Amino acid sequence: MSGNTRPHTEDGRPATYREVFATGEVRALFGSFTISKASSMLARIAVTFLVFEATESPLLSAAAFGISYAPYLGPAQLLATVADRLPYRTTMVVADLIRMVLIGLVAVPGMPLPVMLALVFTSAMVEPAYDASRSALLPKLVTGETLTLALSVYLTLNQSAQLVGYLLGGVIAAVDPRIALLIDSATFGVSAIVLMIFIKRRPAQSDASKRKNIFKETGEGFVLVFRHRVLRTIALVVFTSITFAIIPEGVAASWAPEAGGGPILQGTIMASAPLAAIVSSVVFTRFVKPGIRKKLIRPLVLIGPLALLPALFGPPGPVVVAIAVTCNLTVASIAPLNGIFVSAVPDGYRARAFSVMQSGTALIQGAAVISVGVLAQTSLSVSQSVGLWGIAGVLVVVFLLLTWPSNQEFDDAVATDTTATASAPGESDAADDQQAVRDEPAEHSARTAG
């Protein structure tokens, strides 16, 4: 283990950014991630411009943007299984080089639209494998409270890289989308070089002698997450938090006019949501002591849907912005929960486990926004639809909180590194027996939850 790390403790002080950035490997991993993420956003904007310029079709340009999320419908999980079979650095480098080549080909003048879309889809398909490998590598570099703060840094960098990528993509693509794509292609190459130079090569974490059919191994990732009580709870809570935090941003285009505003109000709503998520996550993980943070996670989870309830009364623009800000305070709970998650998942399964989380998060965001949009197509207003979504959310979150694992279960999950599932899920009767012990009746956990 490299880096200046401190163990997970109840009474310890929060980690510092100096500890997070103590090693060159962590700095390189953050730098490579930021470059790759900004490049991905830049590519989405540039491709959208290019397709619209060639076809003048809003539908096709939207499809070119949306196709980048398609891998999460299945291919992402399979590629995460491949990522667990390979050294994580190798997966990230190869993913960056593939994207460098494919995005460069998209920029070639005269490229037929079907080929262009196929190249964009293939490029997008390797991004989840990159992200899963990056997430799986981080716990090898930092642990405990330093890992929790590092995950918060990733959230900040992710949001910032998206904003910068979209901004630069829009500006450069307005001049010439092919120039934007060539710049994008080059930055993927830079990211790969950074990884090769500064990240040590580590062997694959999975046991080659125990490999099975790739579909079966992919299924084991889902089994690992949803059979284990603590991992399952974290997954469901993260999915639920995202389901409500995304709503103000996702329906801003239709909510702003209804609230008496226009493009400026829409932009304010959309900008305030990620900004609130960034600030709340930084404050929560950097300045709140671990013991207090644990006690605040559950109230934070409930804030998301509760914040949507005032929408039932058709609030004006400033209140809508306040709803977006308050709703996204719930995101502060995600980094510490992810810290427990990554610490509890055993080596050899991390890429697959992260793929479950990434895929679930991506799909749940789209489903949530579409669901509220469908409600707003009825006799309900956008505000009423958002408010009803909040009511449903309160009921779901209350149920999750009533079945919340005890503090001891969380600590045991981290301490044992899910020893019972270190072999393939379902592979060992002993592992199943140990798992059953951890999955004791929920009523006991509810009583002892602290």
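Right above here is the structure, for reference.
Only a predicted model underlies this, so the values are computations on that prediction, with no experimental measurement involved. (Residues numbered from 1 in each chain as written. Predicted model: local features only at pLDDT ≥ 70, side-chain atom pairs only at ≥ 80, totals over all residues. Heavy atoms only, no water.)

Enquirer: Tell me what's going on with helix 16 (residues 334-344), and back it up with residues and numbers.
Expert: The element helix 16 is extensively covered by neighbouring structure, given that 10 of its 11 residues are classed as buried. For helix 16, every residue scored as buried is listed here: Ile-334, Ala-335, Pro-336, Leu-337, Gly-339, Ile-340, Phe-341, Val-342, Ser-343 and Ala-344. (Buried < 20%, exposed > 50% of the residue type's maximum accessible area, 1.4 Å probe, protein only. Helix = DSSP H or I, 4+ residues; strand = E, 2+ residues; numbered from the N terminus.)

Enquirer: Summarise the packing of helix 16 against helix 17 (residues 350-376); cite the residues concerned and give the values.
Expert: For the pair helix 16 and helix 17, the least separation of the axes is 10 Å and the interaxial angle reads 150°. Between helix 16 and helix 17, the contacting residues are Asn-338, Phe-341, Val-342 and Ser-343 on the first element and Arg-350, Ala-353, Phe-354 and Met-357 on the second. Its residues assigned to classes, the contact of helix 16 with helix 17 comprises 5 nonpolar, 2 polar and 1 charged. (Axes fitted to C-alpha atoms, helices over the stretch in contact; angles between N-to-C directions. Contact = heavy atoms within 4.5 Å. Nonpolar A, V, L, I, M, F, W, Y, C, P; charged D, E, K, R; others polar.)

Enquirer: Please set out the side chain of His-228 residue by residue, giving values where relevant.
Expert: Here His-228 lies in the loop between helix 9 (214-227) and helix 10 (229-245). A distance of 3.3 Å separates a polar atom in the side chain of His-228 from the backbone nitrogen of Leu-231. (Polar contact = N/O pair within 3.5 Å; in protein donor to acceptor, adjacent residues only side chain to side chain.)

Enquirer: Describe in detail the packing of aromatic side chains, supporting the description with residues and values.
Expert: For the structure shown, the criterion picks out 6 aromatic pairs. Residues Phe-21 and Phe-30 carry aromatic rings whose centres are separated by 5.2 Å and whose planes lie at 50° to one another, so their mutual orientation is tilted. One cation-aromatic arrangement involves Arg-99 over Tyr-130; the distance from NZ or CZ to the ring centre is 5.0 Å. The cationic tip of Arg-134 hangs over the ring face of Tyr-154; the distance from NZ or CZ to the ring centre is 4.4 Å. (Phe/Tyr/Trp six-rings, centres within 6.5 Å; stacked < 30°, edge-to-face > 60°. Lys NZ or Arg CZ within 6 Å of the ring centre and 35° of its normal.)

Enquirer: Now, about the environment of Ser-383: what can you tell me, with residues and values included?
Expert: The topology assignment puts Ser-383 in helix 18 (residues 382-402). For the pair formed by Ser-383 and Gly-314, sequence separation is 69 residues and the distance between their alpha carbons is 5.4 Å. Not counting chain neighbours up to four residues away, the residues in contact with Ser-383 comprise Trp-255, Glu-258, Ala-311, Leu-312, Gly-314 and Pro-315. Looking at Ser-383, its side chain comes within polar contact range of the side chain of Trp-255, at 2.8 Å.

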